[in-house]
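# Remarks on the overall topology
Each chain is listed here by its residues.
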Amino acid sequence: KYNYDLTYIPITKDLALKEAYYKVADKLKTISPNFIRQIQEIKTYNTGGKEPGLSTGKLDKKNVYKYRQTSKIFCKNTYKIKESDLAFGILLDISGSMSGEGIKNGKLVMILLHEVLKSLKINHCIAGHTSHGIHNCIIEEYQSFKESPHYNVNKNYNLVNLKAKSGNCDSGALNYMYYQLAKVKNKDKICLIFSDGEPTECTDSELINRVKFMENKGIIVIGIGINFPSIERYYTKHANGKNLVDM
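Residues numbered from 1 in each chain as written. Predicted model: local features only at pLDDT ≥ 70, side-chain atom pairs only at ≥ 80, totals over all residues. Heavy atoms only, no water.

### Regarding the sheet that holds strand β5 (residues 123–131)
With mixed pairing, 7 strands are arranged side by side in an open sheet as β1-β6-β5-β4-β7-β8-β9. Every interior strand has two partners, whereas the edge strands, β1 (3–8) and β9 (237–241), have only one. Neighbour to neighbour, the strand axes of the sheet diverge by 20° on average, direction disregarded. Pairing analysis gives 7 bridges linking strand β7 (residues 188–195) to strand β8 (residues 219–226), with the strands arranged parallel. If you follow isoleucine 193 over to β8, its bridge partner there is glycine 223. Each of β7 and β8 is contacted by helix α5 (residues 204–216), which is oriented at about 145° to β8, the strand it contacts most. (Pairing = 2+ DSSP bridges. Helix = DSSP H or I, 4+ residues; strand = E, 2+ residues; numbered from the N terminus. Axes fitted to C-alpha atoms, helices over the stretch in contact; angles between N-to-C directions. Contact = heavy atoms within 4.5 Å.)

What follows is the structure, encoded as structure tokens:
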């Protein structure tokens with residue numbers, strides 16, 4: 001049903017690109033400590049949570065890292081942590097409407113998410129999605145799951161080159177991430193999809209049905225609206241704000 005034009009962003013040896021990445025990352029110092037604490041609460045190894053299959057409860061402080069800020073944002077201190085049973089699939093709308101501040105802020109948030117999840121040893125995939133016609137999806141994968149043959153720790157520097165492009169087929173993007181999440185070994189799976197407007201290259205019902213399908217498969221799908229109040233029409237779990245960084 002969906003056609004995919006896939007780009008697996010290659011490893012970069014460009015030192016200038018690496019420097020540009022950390023220049024952006026430095027801006028996130030004030031955000032990162034609080035965000036890490038929130039992710040740690042999700043990542044606790046205690047049980048008893050209300051979400052099916054998602055471990056929540058009191059934070060087991062012996063099994064999490066302690067962090068302090070450095071020039072590279074994060075620095076693990078004394079405690080070691082196991083590989084998490086949690087996996088995040090992250091999709092960013094890179095359609096034309098995201099030009100300007102939208103893609104600039106999206107870039108910041110993707111780098112923040114990557115650095116935090118990497119620090120906490122949480123398996124994750126980050127992809128930009130756009131489209132060039134009905135059901136014709138363009139996927140740019142900037143960080144791959146560990147199970148993927150395209151996984152490499154040095155691909156993330158290319159996030160500073162994110163650019164806004166064409167249309168958006170959100171149901172197709174979710175379909176792509178569903179099949180990536182199906183391959184991972186982690187028990188608990190969360191898909192975050194960031195969007196600034198209604199899909200242009202799929203129908204509303206296709207998007208709603210794809211969300212329900214993934215939820216029925218045990219994947220928690222969360223729609224993050226960028227100045228897009230109607231996000232609640234498509235996603236059972238959702239949030240919306242005027243500015244991605246503020247959110």
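### Thoughts on the pattern of salt bridges
Oppositely charged side chains are able to pair whenever their charged atoms sit close together. By the definition in use, this model includes 5 salt bridges. Between lysine 1 and glutamate 206 there is a salt bridge, and its shortest N-O distance comes to 3.3 Å. In this pair, lysine 1 is assigned in the segment before β1 and glutamate 206 in helix α5, connecting sequence segments 205 residues apart. In this structure, glutamate 140 engages lysine 165 in a salt bridge whose closest nitrogen and oxygen atoms are separated by 2.1 Å. Separated by 25 residues along the polypeptide, glutamate 140 in strand β6 (residues 136–143) and lysine 165 in the loop between β6 and α4 (170–181) bring together distant segments of the chain. Judged by relative accessible area, glutamate 140 falls into the buried class, the value being 7%. One salt-bridge network, held together by shared partners, links Glu198, Asp204 and Arg233. (Salt bridge = Lys/Arg side-chain N within 4 Å of Asp/Glu carboxyl O. Buried < 20%, exposed > 50% of the residue type's maximum accessible area, 1.4 Å probe, protein only.)

### Considerations on the environment of phenylalanine 228
By the secondary structure assignment, phenylalanine 228 is in the loop between β8 and β9. Taking the C-alpha atoms as reference points, phenylalanine 228 and alanine 239, 11 residues apart in sequence, are found 9.2 Å from one another. Beyond its immediate stretch of four places on either side in the chain, phenylalanine 228 contacts Ser195, Asp196, Gly197, Glu198, Tyr234 and Asn240.

### Observations regarding the side chain of histidine 135
By the element assignment, histidine 135 lies in the loop between β5 and β6. In this structure the side chain of histidine 135 is engaged in a polar contact, spanning 3.4 Å, whose partner is the backbone oxygen of lysine 1. Contacts of histidine 135, omitting those with residues within four sequence positions, involve Lys1, Tyr2, Asn3, Cys169, Glu201, Cys202 and Glu206. (Polar contact = N/O pair within 3.5 Å; in protein donor to acceptor, adjacent residues only side chain to side chain.)

### Thoughts on the packing of helix α1 (residues 15–26) against helix α3 (residues 101–119)
The contact between α1 and α3 brings their axes to 10 Å, and the two run at 90°. The pairing of α1 with α3 is recorded here as roughly perpendicular in orientation. Touching Tyr21, Tyr22, Val24 and Ala25 of α1 are Leu108, Ile111, His114 and Glu115, all from α3. Residue composition of the contact of α1 with α3, grouped by class: 6 nonpolar, 1 polar and 1 charged. (Parallel < 35°, antiparallel > 145°, perpendicular 65-115°, else oblique. Nonpolar A, V, L, I, M, F, W, Y, C, P; charged D, E, K, R; others polar.)

### Points about unusual backbone geometry
For lysine 121, which is not glycine, the phi dihedral falls at a positive 55°. As for its placement among the helices and strands, lysine 121 is situated in the loop between α3 and β5. For lysine 121, a relative accessible area of 29% corresponds to the partly exposed category. For histidine 135, which is not a glycine, the phi torsion comes out positive at approximately 65°.

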